[in-house]
Amino acid sequence: MGESSDDIDQMFSTLLGEMDLLTQSLGVDTLPPPDPKPPRAEFNYSVGFKDLNESLNALEDQDLDALMADLVADISEAEQRTIQAQKESSQNQHHSASTEASNFSGAASLGYGANVTATSVSQYVDDLPPPPADPVLDLPLPPPPPPPEPLSQVTGGATSRASLTGSKLSFPWSGLQLVVKVHMDDNSTKSLMVDERQLARDVLDNLFEKTHCDCNVDWCLYEIYPELQIERFFEDHENVVEVLSDWTRDTENKVLFLEKEEKYAVFKNPQNFYLNNKGKKEGKETNEKMNAKNKESLLEESFCGTSVIVPELEGALYLKEDGKKSWKRRYFLLRASGIYYVPKGKTKTSRDLACFIQFENVNIYYGIQCKMKYKAPTDYCFVLKHPQIQKESQYIKYLCCDDARTLNQWVMGIRIAKYGKTLYDNYQRAMARAGLASRWTSLGTVNAVTPAQPCTGLKTGATQPNGQIPQAVHAASAVLEEAQRQAETAKEKRPAPGNHREPAAPRAHPAPRASLPPPPPVRRSSDTGGSPAPPDDFLPPPPPPPLGDAELPPPPPPELADSPPDFVPPPPPPPVLAGDPGSALPPPPPPPPSLRPECAGPSPTVAKRPPMPPKRHDNPGLPAGGGSGEQDFMSDLMKALQKKRGNMS
Amino acid sequence: MAGMKTASGDYIDSSWELRVFVGEEDPEAESVTLRVTGESHIGGVLLKIVEEINRKQDWSDHAIWWEQKRQWLLQTHWTLDKYGILADARLFFGPQHRPVILRLPNRRALRLHASFSKPLFQAVAAICRLLSIRHPEELSLLRAPEKKKKKKEKEPEEEVYDLTQVVLAGGVAPVLFRGMPAHFSDSAQTEACYHMLSRPQPPPDPLLLQHLPRPSSLVDKTQLHSRWLDSSRCLMQQGVKAGDMLWLRFKYYSFFDLDPKTDPVRLTQLYEQARWDLLLEEIDCTEEEMMVFAALQYHVNKLSQSGEVGEPAGTDPGLDDLDAALSNLEVKLEGSAPTDMLDSLTAIPELKDHLRIFRPRKLTLKGYRQYWVLFKETTLSYYKSQDEAPGDPIQQLNLKGCEVVPDVNVSGQKFCIKLLVPSPEGMSELYLRCQDEQQYARWMAGCRLASKGRTMADSSYASEVQAILAFLSLQRTGGGGSGNHPQGPDASAEGLNPYGLVAPRFQRKFKAKQLTPRILEAHQNVAQLSLTEAQLRFIQAWQSLPDFGISYFMVRFKGSRKDEILGIANNRLIRIDLAVGDVVKTWRFSNMRQWNVNWDIRQVAIEFDEHINVAFSCVSASCRIVHEYIGGYIFLSTRERARGEELDEDLFLQLTGGHEAF
């Protein structure tokens, strides 16, 4: 398995490289630029997994198949396009090189630092003249080591670029990667690569693209420990690999992708957590309603001050006694500094309280069926334990509440105390993301083209390569601001797809851009008026649109050109327009970094291309030289893929 | 013009004699007598007075105070008739700005000129401008508590800083000069004053702390709030005299736009107020929280002290703390290099030594046994002997994420490190016993860094070692020997007394040598903070306390027969049971429709949404103070970032002022 997986990695990377080229070339002709975001995710594949946690996530053939299937689908699709494009585009050949470059640079952020990237690219070329294809086929190297090497170069490029652009996100990364099997709510599973730097938020975005879900804020990654019967959500800012690395090799723990309204309940109905006065207890749950404005001010008051306000929470809970199945009722209080209890015979004034636990070294989990397992008085249990503890231990603390409402209050209160403002920031990002999604959907209805979903998560692998890097950059810087803006607007209108405040105005869309890949594509789109590729560019963010995924991609060029800009990230556009693809965009280097790893080919192309004529041809063949090379490469790939498939099946 | 006479000397213009005393209210003040008519304008009268006095002096700040009516005659175009002044009026011609001694939040005394004629709100704004504290609306003045007479003992002469000579250029935003607002840089004296304002003070003498009055109940906590001065009236009207002592405090616990860069004085004074709140038990906290507060104080104090040495006088610690910290670190590195620290500073981050190890287990009586211990990166391995080191260790522990707890007794020469190392099966406990302080400090620092996932190659390693050594020496000089009679704060440079960092009730509860390790433990989490970060963290932790920002008043609710406590916070009113201290009911300002004060029966009535009406009369303080507190918070909630520091004074006075007859 190990070897084959390596091969597959290699193949992926080459494929990706190819895809990049293809899309780019296509872009010239028909479509705008590729989208940045999705690429990211795919990108990772190229890197290859290390064996670190292989046992954990032992790749199953199915998984691999699934991954491959995705890729192949993308590729074949791309191929078709390419063929078409080739016919059309042979004229524009010289464009292609420049275009590519421009795409990348655009993506990166309007091409600043283009020079730098360019250099790195060229180097790359030298080093890796034989495009990825070769490595793939030739280098079945031992699983872990091989990928890293090729990658390392890439990484270097990426890093340098990162410094240029100042973004840290989602660059290709040669570090630890895991293939994670995520269980969906329909009992199916999806496998995806998660690299060492990805946060839960990134993985969620990734999954959004893959699943076409509605992207609402309730979606979360969820870890469950069947053995301990506990579970919890990943907080969006948590590093996924880090969390998973605490699991043991033979663990039964799982990662789920599902909707949990508890995740951000406090931000939807803060009054349920903050205005739960003791006096009101008799009032039961009558205090559910609160107008939006009051909610907002309550949130602002609680989360935006110099310090976050932890909900006042106290009451009797049952505590499981260490190592026994007996439960003791005690009066507990939540404070920002930890959970305290009132010792026997004392009052609940601050000076008498005894510290039960502080949050620094523990995570909070829901306990499942503790009534059965531990004879808990009720099933509303929460559990505090050090994340590294995986087996039953006296260091795991079990607490039991009287009812579900109390349980949710405690869990949320503890999360607020532990994570503070980060929680709110996470929520705002999630809102921004959700807002984007709904916006896209709405757009989709309006404009069939858009829905193209070009980006749609599925294709992921193929399209993304180009845009990917740029996205990262933009996303990094812009996301926050946008998120805020988004959140504001989203709050009010999020659900209604149709109403954008300023549907027409580009401004209205900034949010989408931010979160999504950078808009560089836009320019090209105008220039090239690409068909298939463009979707990628624009769409990356809006995976949700239910419309045909792949089918739609080729929206009429003109439309795309115009419409995309609006939604899409406006920032890049100016540069785009600047010139005809070629001349104006000389500094396209940015893309290469991302690409390089996988597709050594493309980047070289950039460097050498200028002279080359036909976009497509050139692209494929790039490194090797000329279109012919490309062709070979592709066919090789396909052969390899087929072989692989054959093996598996 | 007034004073026309006939030849016989009779006045024919209905003019009369007005006597005006010159100077502040002083029965023996010199006086001048003027001839005026009812039509004379105040401006004219002023001129005449000056002529009459016939002394060369700047009279521009002088104005007339009408004693009986307790009123300044500031409208120079008004006539005497319009003011209603007759010959029997007792008028004083005196300065509008007079010196007062302010007790700052950091408990230092400062003499400066305050306006006695403008509403307190403006006077405070002017004071804050002088002190370069932004957002003066959050502060106000209190009367100093009356001193108990039994305190006749010699009170040590305290240093009073003086800013009476400083004149502030009007209108312009203060310019920074040599790291401080320009008006402070005139003389060494004012410079020292600025340092006092902008740098945290050393911890107080624990003995003093024990003797300062502390509230023992909620009722005691209401006392403070009875002393607030009225914002809409001037100091003169409130009976304040020149030279009186007043307290300057943050009154409203809603700190807007706190920015360490532009607010060094504000931040520091806020920190000081928070610190004293905690030390004097105005606000309660738990033991664990107190240790964090103590550790932060220790850290802040250390940084501010070393900062003075390390940086040229005059730079602002608030702005240059990073530099200070860096130079501080440099000094330490240089200083420690020649010693046996050297080996731990070399390139390879690794410690190896013979240590005694103890693994507590059930049913085990074994004690410490000596092992050869190797500490590399974040991993600790131990072997039976040095010879076996290349082989497999007896146990290997990755300390990442572990808990490190010091178990030290300096006088007993016990230097243990307790490690709680998480593993999938639970936590494993391990004790390392070191031979001496040096060894302990190195290993301890390594363990601490490792627990945070860093290695000994980390740049903070050396400073961590130093901090541990410093704390050990603290423990030696501090409570180690003299037990209940700790030395003063300035016993030695590092010889801080832990009793100066915690509220007195913890002094009674713990011995200094118990306290020190706990503070040290808490300190490890904050040791990397800069001065301003540490102050900010302190303030945040203070704000996170459940009882933060509640001002207490004793009131009697309408229809109730017993006194109760009303707590006023920045977003809500709280009804609290007087005896038990339980919260009975909370009303949020956001649900408030209106509030009214019936000045005749001294009752405050508040209407909330859904027709909830609340009325109470105030017992411990005048209802005007309660009214102003509520109005003040409403006012503060209207602030917006966009408006910057502009103050809508009218709105404030409208919200807080009353129709009470003066």
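Note that the coordinates shown come from a computational prediction; the quantities given were computed from them, not determined experimentally.

**Q** Explain the overall build of chain A to me, please; I cannot follow it from the model alone.
**A** Scanning chain A from terminus to terminus reveals 27 helices and 12 strands. Scored against the burial criterion, the 649 residues of chain A give a buried share of 62%. The contacts of chain A with a sequence gap of at least 6 include a subset with a gap of at least 24, amounting to 78%. When the accessible area of chain A is evaluated, it comes to approximately 22,400 Å², of which 52% is carbon and sulfur surface.

**Q** How do you make sense of the overall build of chain B when you look at a structure like this?
**A** For chain B, the count of helices and strands is 17 helices and 26 strands. Within chain B, buried positions represent 53% of all 662 residues. Put simply, 61% of the contacts in chain B that link residues at least 6 apart link residues at least 24 apart. When the accessible surface of chain B is summed, it comes to about 30,200 Å², and 50% of that surface belongs to carbon and sulfur atoms.

**Q** Help me understand the interface of chain A and chain B, please; the structure alone is not making it clear to me.
**A** Frequently, the measure chosen for interface size is the accessible area that the parts lose on association. Contact residues are listed per partner, giving 31 residues for chain A and 34 residues for chain B. Ranking the residues of chain A by area buried against chain B places Thr306, Arg351 and Tyr395 of chain A at the top, with a combined share of 24%. For the pair chain A and chain B, the interface holds 5 salt bridges. Arginine 588 of chain B is the salt-bridge partner of glutamate 301 of chain A, the closest N and O atoms lying 3.2 Å from each other. Where chain A touches chain B, the interface holds 11 residue pairs in polar contact (both at pLDDT 80 or more). Split by residue class, the side of chain A that touches chain B holds 9 nonpolar, 13 polar and 9 charged.

**Q** Please clarify how the nonpolar core should be interpreted in this entry.
**A** Counting residues in each nonpolar core, the largest one holds 122 residues, and the members touching the most others are Leu131, Leu141, Trp542, Ile568, Phe616 and Ile630 of chain B. Among residues more than four places away in sequence, those in contact with isoleucine 568 of chain B are Gly549, Ile550, Ser551, Phe553, Leu573, Phe589, Val626, Tyr629, Ile630 and Tyr633 of chain B. Ranked by size, the runner-up nonpolar core spans 48 residues in total, among them Tyr274, Leu298, Leu384 and Met431 of chain A.

**Q** Got a minute to help me understand the pairing of strand 15 (residues 379-383) of chain B in this structure?
**A** Looking along a regular strand, one sees the side chains alternate between the two faces of the sheet. Residues and elements named next belong to chain B. In terms of residue burial, strand 15 counts as a mostly covered element, since 4 of its 5 residues are buried. Pairing of strand 14 (residues 369-376) with strand 15 involves 5 bridges; the strand directions are antiparallel. Among the inter-strand pairings, tryptophan 372 is bridged to a residue of strand 15, identified as tyrosine 383. Between the antiparallel neighbours strand 14 and strand 15 lie 2 residues, among them glutamate 377 with a positive phi of about 50°. Where strand 15 meets strand 16 (residues 395-398), 4 bridges bridge the pair, whose relative direction is antiparallel. Of the residues in strand 16, the one forming a bridge with leucine 380 is leucine 397.

**Q** Would you take a moment to explain the pairing of strand 7 (residues 109-115) of chain B for this structure?
**A** Residues and elements named next belong to chain B. With respect to burial, strand 7 is a largely interior element, 5 of its 7 residues being buried. Note that strand 6 (residues 97-103) and strand 7 share 7 bridges and pair antiparallel. Across the sheet, the residue bridging to valine 100 is leucine 112, located in strand 7. Counted between consecutive antiparallel strands, the loop separating strand 6 from strand 7 contains 5 residues, among which arginine 107 sits at a positive phi close to 75°. The pairing of strand 7 with strand 9 (residues 160-162) spans 3 bridges and is parallel.

**Q** Help me understand the sheet that holds strand 22 (residues 572-576) of chain B in this model?
**A** Hydrogen bonds between backbone atoms are what pair the strands of a sheet, whose relative direction is either parallel or antiparallel. All names here are of chain B. Spatially, 23-22-21-20-26-25-24 is the arrangement adopted by the 7 strands of the open sheet, whose pairing is antiparallel. Either end of the sheet is taken by a strand with one partner, and the two such strands are strand 23 (583-588) and strand 24 (592-598). Pairs of neighbouring strands in the sheet enclose a mean axial angle of 30°, with direction left out of account. Inspection of the sheet shows strand 20 (residues 551-557) paired to strand 26 (residues 612-618) by 3 bridges, in the antiparallel sense. Paired with phenylalanine 557 across the strands is phenylalanine 616, a residue of strand 26.

**Q** So what exactly am I meant to see when it comes to the packing of helix 7 (residues 264-279) of chain B against helix 15 (residues 531-543) of chain B here?
**A** Between two packed helices, the angle of one axis relative to the other and the distance separating the axes together describe the packing. All names here are of chain B. Relative orientation of the contacting elements helix 7 and helix 15 amounts to 45°, with a least axis distance of 9 Å. In this view, helix 7 runs oblique relative to helix 15, as classed from their interaxial angle. Read as a crossing pair, helix 7 and helix 15 show a hand that is left-handed. In contact with Leu267, Thr268, Leu270, Tyr271, Ala274, Arg275, Asp277 and Leu278 of helix 7, helix 15 contributes Thr532, Gln535, Leu536, Phe538, Ile539 and Trp542.

**Q** So what exactly am I meant to see when it comes to the pattern of salt bridges here?
**A** Side chains carrying opposite charge are able to pair once their charged atoms draw close together. Evaluation of the coordinates by the stated rule reveals 44 salt bridges over all chains. Note that glutamate 392 of chain A and lysine 373 of chain A form a salt bridge whose closest N and O atoms lie 3.4 Å from each other. Highlighted residues: glutamate 392 of chain A in the loop between strand 11 (381-385) and strand 12 (397-400) and lysine 373 of chain A in helix 14 (residues 370-374), separated in sequence by 19 residues. Notably, a salt bridge pairs lysine 376 of chain B with glutamate 350 of chain B, separated by 3.6 Å at the nearest N-O pair. Here lysine 376 of chain B is found in strand 14, whereas its partner glutamate 350 of chain B is found in strand 13 (residues 350-358), with 26 residues between them in sequence. Residue class for lysine 376 of chain B comes out partly exposed when judged on its relative accessible area of 43%. A single salt-bridge network, built from bridges that share partners, covers Arg134, Glu137, Glu138, Asp257, Asp263, Arg266 and Arg639 of chain B.

**Q** What exactly am I supposed to notice about a positive patch on the surface here?
**A** Residues Arg361, Lys366, Arg369 and Lys384 of chain B make up a contiguous surface patch of positive charge. Mapped onto the fold, arginine 361 of chain B is located in the loop between strand 13 and strand 14.

**Q** Sorry if this is basic, but what is going on with helix 3 (residues 120-131) of chain B here?
**A** Every α-helix winds through 3.6 residues per turn, so residues three or four apart in the chain are directed the same way. Residue and element names in this part refer to chain B. With 12 residues, helix 3 should cover 16 Å at 1.5 Å per step; its first-to-last C-alpha distance of 16 Å lies within 8% of that length. Those residues of helix 3 not exposed but buried are Leu120, Phe121, Ala123, Val124, Ile127, Cys128, Leu130 and Leu131. One or two positions beyond helix 3, positive phi appears at serine 132, with a value near 50°.

**Q** Looking at this model, I keep getting lost on the packing of helix 4 (residues 188-198) of chain B against helix 7 of chain B. Mind explaining?
**A** Residue and element names in this part refer to chain B. Here helix 4 crosses helix 7 at 55°, and the two axes come no closer than 7 Å. Judged on the interaxial angle alone, helix 7 and helix 4 are oblique. Judged by residue contacts, Tyr194, Met196, Leu197 and Ser198 of helix 4 engage Pro264, Val265, Thr268 and Gln269 from helix 7. Taken together, the residues of the contact of helix 4 with helix 7 break down into 5 nonpolar, 3 polar and no charged.

**Q** Help me understand empty space enclosed by the protein, please; the structure alone is not making it clear to me.
**A** In this approach a probe as big as a water molecule rolls over the atoms, and the regions it shows empty are the leftover space. Residues and elements named next belong to chain B. For the structure on display, the rule yields 16 cavities of 30 Å³ or more. Space inside the largest cavity adds up to approximately 170 Å³. Looking at the lining of the largest cavity, the elements that each hand over two or more residues are helix 6 (218-224) and strand 20. Grouping the amino acids of the lining of the largest cavity by side-chain chemistry returns 7 nonpolar, 3 polar and 4 charged.

Conventions adopted
- Residues numbered from 1 in each chain as written.
- Chains lettered and ligands numbered in written order.
- Predicted model: local features only at pLDDT ≥ 70, side-chain atom pairs only at ≥ 80, totals over all residues.
- Heavy atoms only, no water.
- Helix = DSSP H or I, 4+ residues; strand = E, 2+ residues; numbered from the N terminus.
- Buried < 20%, exposed > 50% of the residue type's maximum accessible area, 1.4 Å probe, protein only.
- Contact = heavy atoms within 4.5 Å.
- Areas by Shrake-Rupley, 256 points an atom, 1.4 Å probe, with all protein chains shown as cover.
- Buried area = accessible area lost by both parts, 1.4 Å probe.
- Salt bridge = Lys/Arg side-chain N within 4 Å of Asp/Glu carboxyl O.
- Polar contact = N/O pair within 3.5 Å; in protein donor to acceptor, adjacent residues only side chain to side chain.
- Nonpolar A, V, L, I, M, F, W, Y, C, P; charged D, E, K, R; others polar.
- Core = buried A, V, L, I, M, F, W, Y, C linked by side-chain atoms within 4.5 Å.
- Pairing = 2+ DSSP bridges.
- Axes fitted to C-alpha atoms, helices over the stretch in contact; angles between N-to-C directions.
- Parallel < 35°, antiparallel > 145°, perpendicular 65-115°, else oblique.
- Left-handed = near helix turned anticlockwise from the far one by under 90°.
- Patch = residues over 30% accessible without salt bridge, like charges linked within 9 Å, V, L, I, M, F, W, Y side chains within 5 Å.
- Lys, Arg positive; Asp, Glu negative; His and termini not counted.
- Charge placed at Lys NZ, Arg CZ, Asp CG, Glu CD.
- Expected span 1.5 Å × (residues − 1).
- 1 Å grid on protein atoms, 1.4 Å probe; cavity = no way out; pocket = protein on both sides within 12 Å on 5 of 7 lines; lining within 4 Å.
- Points joined across faces, edges and corners; volume = space filled by probe spheres on them.

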